[in-house]
Amino acid sequence: MAASSAIFTTLISPQTVSFSANSSSSSSCSLRLLPTNVRMVRTVTQATASKATTGTRAPRGIMKPRRVSPEMEALVGVPEIPRTEALKRIWAHIKEHNLQDPENKKIIICDEKLKKIFGGKDRVGFLEIAGLITPHFL
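Keep in mind it's a predicted model, so treat the numbers as computed, not measured.

About the criteria used
- Residues numbered from 1 in each chain as written.
- Predicted model: local features only at pLDDT ≥ 70, side-chain atom pairs only at ≥ 80, totals over all residues.
- Heavy atoms only, no water.
- Helix = DSSP H or I, 4+ residues; strand = E, 2+ residues; numbered from the N terminus.
- Contact = heavy atoms within 4.5 Å.
- Areas by Shrake-Rupley, 256 points an atom, 1.4 Å probe, with all protein chains shown as cover.
- Salt bridge = Lys/Arg side-chain N within 4 Å of Asp/Glu carboxyl O.
- Buried < 20%, exposed > 50% of the residue type's maximum accessible area, 1.4 Å probe, protein only.
- Core = buried A, V, L, I, M, F, W, Y, C linked by side-chain atoms within 4.5 Å.
- Expected span 1.5 Å × (residues − 1).
- Arc of directions from axis to C-beta.

*Asks:* So what exactly am I meant to see when it comes to the overall build of the protein chain here?
*Replies:* Within the protein chain, the secondary structure is distributed over four helices and eight strands. Ordering the α and β elements of the protein chain from the N terminus gives β-β-β-β-β-α-β-α-β-α-β-α. Partitioning the intrachain contacts of the protein chain with sequence separation of at least 6 by distance along the chain shows that 41% fall at a separation of at least 24. Accessible surface, the protein chain as shown: approximately 10500 Å² in total, 56% of it carbon and sulfur.

*Asks:* Would you take a moment to explain the pattern of salt bridges for this structure?
*Replies:* A side chain of one charge can pair with a side chain of the opposite charge if their charged atoms are brought near each other. For the structure on display, the rule yields five salt bridges. Between D101 and R123 there is a salt bridge, with its nearest N and O atoms 2.6 Å apart. In this pair, D101 is assigned in the loop between helix 2 (83–96) and strand 7 (107–109) and R123 in strand 8 (residues 123–125), connecting sequence segments 22 residues apart. Given a relative accessible area of 45%, R123 falls into the partly exposed group. Where K121 meets E128, a salt bridge forms, and the shortest distance between an N and an O atom there is 3.2 Å. Here the residues in one salt-bridge network are E112, K115 and D122, joined through shared partners.

*Asks:* I keep staring at the nonpolar core and nothing clicks. Help me out?
*Replies:* As a rule of thumb, nonpolar side chains are buried together in soluble globular proteins. By size, the foremost hydrophobic cluster in this structure holds 19 residues, and its most contacted members are M72, I90, L114, F118, I129 and I133. At the level of secondary structure, the elements contributing two or more residues to this core comprise helix 1 (70–76), helix 2, helix 3 (112–117) and helix 4 (129–132). Discounting chain neighbours no more than four positions away, the residues touching I90 are M72, L75, L114, F118, I129 and I133.

*Asks:* Is there a simple way to think about unusual backbone geometry in this case?
*Replies:* Most peptide bonds take the trans configuration, and most residues that are not glycine carry a negative phi. Positioned with a positive phi, N98 is a non-glycine residue whose angle comes to about 50°. Positionally, N98 belongs in the loop between helix 2 and strand 7.

*Asks:* I would appreciate a short explanation of helix 2 in the present structure.
*Replies:* Each α-helix turn comprises 3.6 residues. Residues three or four places apart therefore point the same way. For helix 2, built from 14 residues, the straight-helix expectation of 20 Å at 1.5 Å per residue is met to within 8% by its first-to-last C-alpha distance of 20 Å. Listed in full, the buried residues belonging to helix 2 are A86, I90, H93 and I94. With its buried residues spanning 100° around the axis, helix 2 presents them on a single face. The outward face of helix 2, more than 90 degrees from its buried face, is lined by the exposed residues K88, K95 and E96. Those residues of helix 2 that are buried lie in contact with helix 1, strand 6 (80–81), strand 7, helix 3 and helix 4. Where helix 2 terminates, the next one or two residues include N98, which has phi positive at roughly 50°.

What follows is the structure in structure tokens.
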């Protein structure tokens, strides 16, 4: 559902402003303009709708597929993958093989495939995973 918002702007209308010249001293050559009747006018302006996209936008950032190292490819199964999808597949591998510590689910107990990706560590915190996979994206 597209929604547009109206923007109120406050203007001083030039038709409603009149100025009086005070020429009390003719020797000073300065002209003082004093507004005698100023009226505020409020107008409604509407934001224009953005153009409809003609096609799908190319993925950027963490959604863009990147080449991965051979170790990562052995785990995820493809030579190019977006970072988000790689994390999903790593978590699927962890859940499938029941590699979370039963006492503390935030700790991952690494098997041989995960040790290759996580720098040979036996145990990894779940917050470390995103940082440890960074070197595997080429």
